[in-house]
Amino acid sequence: MGDIDVAIGVDADCVAGWLGSYGGADSPADLSRGLSAGNEGIPRMLELFESEDIETSWYVPGHTIETFRENVEAIAAGGHEIGIHGYSHENPTDLSREQEAAIIEASIDLVEDVTGDRPVGHRASWWEFSENTPDLVEEYDFLYDSSLMERQFEPGYMRKGDEWKRIDYDEDPETWMEPYQYGEETDVVEIPISWYRDDIPPMLFIKQPIYHAGYKDPEMMYEQYYKPQFDYLYNRRGAGVYTFTIHPDIHGLPHMIRHLEEFITYVKGHENAEFRTLETIARKYDDDPSVYETEGQYI
């Protein structure tokens, strides 16, 4: 069996999530949920990680840093990694290059002001890339990005310049009947994430643009999604990276702490499975890209 590294990534969206993504910018009630995530959710999660003696990676919008400064300082003091995640959780596809660059620069400065070190990890808000994002991630010299989903359990290197044809039903089919074109590989490590290992889609109640249930059974989420994917990696693939994305908005709620604690215990019960920060994973992969390759038939 090879290396199996489990990375808990905490996207601390809080108020920024409602401003940029969840349709709550005009709702004091929704914004108050973001305040709860920052003021209560972050400390609850930090307490659990401290008791479990594990280091995690946090992707913190600039708005969260400036609104909940003391709690973000506690993240850094706990030995956790902090990467950037937009300012107000803006959708990069709606930004100009100049806007996106300004947000990245401000976010780098805010993280560095808290930690004393320049952040090495970039995670795009909305998990969306604009046409400019790859160039900017490379330009600002990030060690890694963790926003894309091309692979499930193995890092790679971020590309720039991928091309594809959109369908235009007003034109002849020949104008769009072309395969996907891979672009140029960069030196930026890409650590994959997955919507099926994210707590927002099943668990966050959102009112706009349409009602989103947000009432899935946490037991179901763990037993039917999170644990089976870990089991596949451990029992079939035998090597790789398991990224797990959670939010103070969800896993900082009182009823969720127990489930997270039980999952951490479950992972710890497996030999050769270790909790790592994404920075550690990126550096391991950059030193030896074969470290997470599988020797078996399973991808």
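Before reading further, recall that the structure is shown in the block above.
Please read these numbers as outputs of a predicted model, since none were measured by experiment.

Caption draft 1: Spotlight on the pattern of salt bridges. Overall, the coordinates contain 20 salt bridges when judged by the stated rule. Of the charged contacts, one joins Lys160 and Asp135 as a salt bridge, the two residues approaching to 3.8 Å between their closest N and O atoms. One end of the pair, Lys160, is in strand 6 (residues 156-160); the other, Asp135, is in helix 6 (residues 133-139), with 25 residues separating them in the sequence. Relative accessible area serves as the criterion here: at 29%, Asp135 is assigned to the partly exposed category. Across the salt bridge formed by Arg237 and Glu154, the nearest N and O atoms sit 2.7 Å from each other. Here Glu154 lies in the loop between strand 5 (144-145) and strand 6 and Arg237 lies in helix 8 (residues 218-237), a separation of 83 residues in the sequence. Looking at Arg237, the relative accessible area reads 6%, which means it is buried.

Caption draft 2: Spatial organisation of helix 2 (residues 28-52). Here helix 2 contains 25 residues, and its C-alpha end-to-end distance of 35 Å stays within 8% of the 36 Å for a straight helix at 1.5 Å per residue. Along helix 2, the largest kink reaches about 35 degrees and is centred on Gly41; proline Pro43 follows within four residues of it. Considered for burial, the residues of helix 2 that qualify are Asp30, Gly34, Ala37, Gly38, Gly41, Ile42, Met45, Leu46, Leu48, Phe49 and Glu52. Looking at the buried side of helix 2, the elements it contacts are strand 1 (4-11), helix 1 (14-20), strand 2 (57-60), helix 4 (69-77), strand 8 (240-246) and helix 9 (254-268). Backbone geometry just downstream of helix 2 places Asp53 in the positive-phi region, at approximately 55 degrees.

Caption draft 3: Summary view of the packing of helix 4 against helix 5 (residues 97-115). For the pair helix 4 and helix 5, the least separation of the axes is 9 Å and the interaxial angle reads 70 degrees. Relative to helix 5, helix 4 is oriented roughly perpendicular. Helix-helix and strand crossings are classified by hand; for helix 4 and helix 5 the assignment is right-handed. Counted together, Arg69, Val72, Glu73 and Ala76 of helix 4 and Asp113, Val114 and Thr115 of helix 5 form the full contact between these two elements. Class assignment for the residues of the contact of helix 4 with helix 5 results in three nonpolar, one polar and three charged.

Caption draft 4: Seen up close, the side chain of Glu100. Within the fold, Glu100 resides in helix 5. Residues within four places of Glu100 in sequence aside, it is in contact with Pro92, Leu95, Ser130, Asn132, Thr133 and Leu136.

Caption draft 5: Structural context of a nonpolar patch on the surface. Among the surface-exposed residues, Met149, Trp195, Tyr196 and Tyr225 lie close enough to one another that they form a single nonpolar patch of about 420 Å² accessible area. Among the structural elements, Met149 can be located in the loop between strand 5 and strand 6. Taking relative accessible area as the criterion, Met149 reaches 32% and is therefore assigned partly exposed.

Caption draft 6: Representation of the nonpolar core in the model. Of all hydrophobic cores here, the largest spans 61 residues; its most connected members are Ile8, Phe49, Trp58, Tyr242 and Phe244. Setting aside residues up to four positions removed in sequence, Tyr242 forms contacts with Asp5, Val6, Ala7, Phe153, Arg197, Tyr226, Gln229, Phe230, Leu233 and Phe263. Judged by nonpolar contacts, the second largest core, of 15 residues, contains Ala7, Val120, Val189 and Val291.

Caption draft 7: Fine view of the pairing of strand 8. Most of strand 8 is tucked away: seven of the seven residues are buried. Alternating positions in strand 8 separate into two faces, Gly240, Tyr242, Phe244 and Ile246 on one and Val241, Thr243 and Thr245 on the other, with burial throughout. Bridging between strand 1 and strand 8 involves seven bridges; their strand directions are parallel. Looking at strand 8, one finds that Gly9 is bridged to Thr245.

Caption draft 8: Summary view of the environment of Glu40. Among the structural elements, Glu40 can be located in helix 2. The exposure class of Glu40 is partly exposed, given its relative accessible area of 40%. Taking the C-alpha atoms as reference points, Glu40 and Ile75, 35 residues apart in sequence, are found 13 Å from one another.

Caption draft 9: A look at the side chain of Asn91. Within the secondary structure, Asn91 is located in the loop between strand 3 (81-84) and helix 5. There is a polar contact of 2.8 Å between the side chain of Asn91 and the side chain of Thr93. Among all residues touching Asn91, those that are not within four sequence positions of it are Trp126 and Glu128.

Caption draft 10: How the structure looks around helix 8. At Lys227, helix 8 is deflected by roughly 35 degrees, the largest bend along its length, and proline Pro228 occurs up to four residues later in sequence. Looking only at helix 8, the buried set comprises Pro218, Met221, Tyr222, Tyr226, Lys227, Gln229, Phe230, Leu233, Tyr234 and Arg237. Residues of helix 8 that are buried sit in contact with strand 1, helix 7 (200-203), strand 8, helix 9 and strand 9 (273-275). You can read the cap of helix 8 off the contacts: a side-chain oxygen lies 3.0 Å from the backbone nitrogen of Glu219, and it is on Asp217.

Cut-offs and rules
- Sequence order as written defines the numbering, with residues in each chain counted from 1.
- For a predicted model such as this one, the threshold for reporting local features is a pLDDT of at least 70, and the threshold for listing and counting side-chain atom pairs is 80 or more; totals across whole chains, interfaces and linings nevertheless cover every residue.
- Water and hydrogen atoms play no part in the side-chain values, which are based on all heavy atoms of the structure.
- In what follows, salt bridge is the name for a side-chain nitrogen of Lys or Arg lying within 4 Å of a carboxyl oxygen of Asp or Glu.
- Runs of E in the DSSP output that reach at least two residues are strands. Runs of H or I that reach at least four are helices, and both are numbered from the N terminus.
- Throughout this description, buried means an accessible area under 20% of the type-specific maximum (1.4 Å probe, protein chains only), exposed means over 50%, and partly exposed covers the range between.
- Working rule for helices: expected span equals 1.5 Å times residues minus one.
- We define the bend at any residue as the angle between the axes fitted to the seven residues before and including it, ending there, and the seven starting there.
- Two residues qualify as a contact provided that any one of their heavy atoms is within 4.5 Å of a heavy atom in the partner residue.
- Lines fitted to C-alpha atoms define the axes here, with helix axes fitted over just the stretch in contact, and angles between the N-to-C directions of these axes take values from 0 to 180 degrees.
- Oblique is the label for any angle not under 35 degrees, not over 145, and not in the 65 to 115 range, which are roughly parallel, roughly antiparallel and roughly perpendicular in turn.
- A crossing counts as left-handed when the near helix is turned anticlockwise from the far one by less than a right angle, and as right-handed when that turn is clockwise.
- Only Asp, Glu, Lys and Arg are considered charged in this grouping, and only Ala, Val, Leu, Ile, Met, Phe, Trp, Tyr, Cys and Pro are considered nonpolar; every other residue, Gly among them, is considered polar.
- Exposure above 30% relative accessible area and no salt bridge define the residues that can form patches, which grow by joining like charges within 9 Å and nonpolar side chains of Val, Leu, Ile, Met, Phe, Trp and Tyr within 5 Å.
- Here the Shrake-Rupley method, with its probe set to 1.4 Å, supplies the accessible areas, and only the displayed protein chains count as covering residues.
- Residues belong to a common nonpolar core when they are buried Ala, Val, Leu, Ile, Met, Phe, Trp, Tyr or Cys residues joined through side-chain atoms within 4.5 Å.
- Pairing between strands requires that DSSP locate at least two bridges from one strand to the other.
- For this analysis, a polar contact is any N or O atom pair within 3.5 Å, provided that within protein one partner can donate a hydrogen and the other can accept it, and provided that sequence-adjacent residues contribute only side-chain to side-chain pairs.

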